[in-house]
Amino acid sequence: MIDFPFMYEALMRLLPGIPMTLQLAFIASAFGVFFALAAALMQLSGNVVLRSVADFYVFCIRGTPLLIQIFLIYYGMGQFDFIRHSFMWPILREPYWCAIFALMFNTGAYGSQIVRGGLLSVPRGQVEAARSCGMSQVLIYRRIILPLAIRQALPAYGNEVILLLKATSLASIITLMEITGLAAKMISETYRVVEVFLVAGSLYLLINFILSRGVAVLEKRLMRHTAAERPSSRIAARGAA
Amino acid sequence: MASPSMTQPGVPDQDMALAGPFADAQMSDQKTAISIRNLHKNFGDVEVLKGIDIDVAEGQVVSILGSSGSGKSTLLRCVNFLESPTMGEITIAGETIRTRSGNNGDLEAADMGQLNRLRTNVGMVFQGFNLWSHKTVLENVMEAPVFVQKRPVAECHDEACAYLEKVGIYEKRFSYPAHLSGGQQQRAAIARSLAMHPKVMLFDEPTSALDPELVGEVLRVMRALADEGRTMLVVTHEMGFAREVSNRVIFLEQGWIEEDGAPQTVFGASRSARFRQFIAAQPH
């Protein structure tokens, strides 16, 4: 039988892992989105060198497991003297930052393909209209291309953030005590695998439920321009005509 | 045949285009709004424009006719460099667009700042409307005045409302383009280009994407603009508009100007056999 008092105890022990999980996911995605945008713009730039660099980045990151990337960053960087002696070392030796870097590179690579699709979906005519109004290239990106691309990319990018949130569980392997790390620790003390992982899984489920609702609300808000008009306003319009 | 009336720069087409009832009124204090010199455009090996010279005087309403593939849209798009000419010179309100050779053999603007400044003098209305789909009608109309011309927001707002009133869709100002009919979208697009106070307006087949019953509402707006004395270059298939509203008709054929003159003259008795044939083939 399921031991509810024990599961409650597990819940109380895993709850303190939530802030760490959220930090890893949100810091990595906040910076990762810039990697994604930069890589997407490089791929679309028409410059062979820039495109090759971005292609190679995406190829390497997408082609290797995140777990191995985390290991390589955590154990690998200490191999280089110039990194160990650089001013960055106090940061780079922290497993916390290693995990964030790995997650950030990872989500940047996957995200770049979503952003690229969004950028490519922007109708040419709307960009031409902007050019014909005398908008500079920067202004066109800021006012027309990015807002349209973000709207197009949003559902897929929401998915990417959810994947990233679940991927943070791998950070437990380099000693970070987020939800999965705390769960593993508790299991090693109690040997009660199922109950603890049931609780840990439920916590991820809850976070992702909130996250996906948030994305849905944002999407609904940003996509007002494509939604059918509200019946009331349609009736009002007909009445006016 | 290149246009016979365009040989002398600065003496724009007095013999033909300004003949007719409006001639006297328009001959006085004429200024050239747009001058196109020796315009060539190649797409790969295909020569689409083979040397076009046109001077458009202020207040002139020019209809550009031609069968598909004759280069009329390309000509219009070269005026504001949405399409890069292969050769030639464009002068807008007395200022020539500075160019240099781009890497694909076409010209490119040497100074994007200058080009963008001149573009604000040239409103463009597209066949596909091209309203910004994530902005309301009002936001579409205010966008360029606020963010390009950097005029005060309140002033831009009042003006945008006035232009929307003028084209008859003020009530739709908070709607998104997707919620409007084609005719309403095109009128919003006209209001959007009016809001920049352009010296010239380019219309690229503005009614070709519309249902037949919506064409009239857009043509009425365009006729009102012509009556205000605005300078307009209109690529169109609407023979009625060309005949009744414009005061100059240019017929393009295979990248050349085949006919150029006042509608009364050219629709009555064109010297061009090809143009007579083109008119005869139009539905009435």
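This report concerns the structure included in the present document. (Residues numbered from 1 in each chain as written. Chains lettered and ligands numbered in written order. Predicted model: local features only at pLDDT ≥ 70, side-chain atom pairs only at ≥ 80, totals over all residues. Heavy atoms only, no water.)

Listed by partner, the interface residues are 25 residues for chain A and 27 residues for chain B. For the pair chain A and chain B, the two sides together bury roughly 2,200 Å², of which 54% comes from carbon and sulfur. Across the contact surface, chain A and chain B share 2 salt bridges. Where B:Glu143 meets A:Arg143, a salt bridge forms, and the shortest distance between an N and an O atom there is 2.7 Å. If one sorts the elements of the side of chain A that touches chain B by residue count, helix α8 (residues 124-132) of chain A sits on top with 8 residues. Taken together, the residues that form the side of chain A that touches chain B break down as 11 nonpolar, 6 polar and 8 charged. (Contact = heavy atoms within 4.5 Å. Buried area = accessible area lost by both parts, 1.4 Å probe. Salt bridge = Lys/Arg side-chain N within 4 Å of Asp/Glu carboxyl O. Helix = DSSP H or I, 4+ residues; strand = E, 2+ residues; numbered from the N terminus. Nonpolar A, V, L, I, M, F, W, Y, C, P; charged D, E, K, R; others polar.)

Tallied over the full model, the rule gives 11 aromatic pairs over all chains. Members of the aromatic cluster, connected to one another through ring pairs, are A:Phe35, A:Tyr57, A:Phe101 and A:Phe105. The positively charged end of A:Arg192 is found above the aromatic ring belonging to A:Phe6, 4.0 Å away from the centroid. Across the ring face of B:Trp132, the terminal group of B:Arg192 is positioned such that the distance to the ring centre comes to 4.3 Å. (Phe/Tyr/Trp six-rings, centres within 6.5 Å; stacked < 30°, edge-to-face > 60°. Lys NZ or Arg CZ within 6 Å of the ring centre and 35° of its normal.)

Here the focus is a nonpolar patch on the surface. A contiguous nonpolar patch, built from A:Val193, A:Val194, A:Phe197 and A:Leu198 and spanning about 360 Å² of accessible area, is present on the exposed surface. Along the chain, the position of A:Phe197 falls in helix α11 (residues 193-222). (Patch = residues over 30% accessible without salt bridge, like charges linked within 9 Å, V, L, I, M, F, W, Y side chains within 5 Å. Areas by Shrake-Rupley, 256 points an atom, 1.4 Å probe, with all protein chains shown as cover.)

Turning next to the sheet that holds strand β8 (residues 122-125) of chain B. All names here are of chain B. A sheet is described by the order of its strands in space; here 6 strands give the open sequence β8-β9-β10-β3-β11-β12, paired in mixed fashion. Each having just a single partner strand, β8 and β12 (256-261) make up the two edges of the open sheet. Across the sheet, the mean angle from the axis of one strand to that of its neighbour is 15°, orientation sign disregarded. Bridge count between strand β11 (residues 248-253) and β12: 5 bridges; the pairing is antiparallel. In the strand pairing of β12, Val-249 is matched with Gly-261. Packing of helix α2 (residues 72-79) onto the sheet brings it into contact with β3 (61-65), β8, β9 (200-204), β10 (231-235) and β11, and relative to β9 it is tilted by some 150°. (Pairing = 2+ DSSP bridges. Axes fitted to C-alpha atoms, helices over the stretch in contact; angles between N-to-C directions.)

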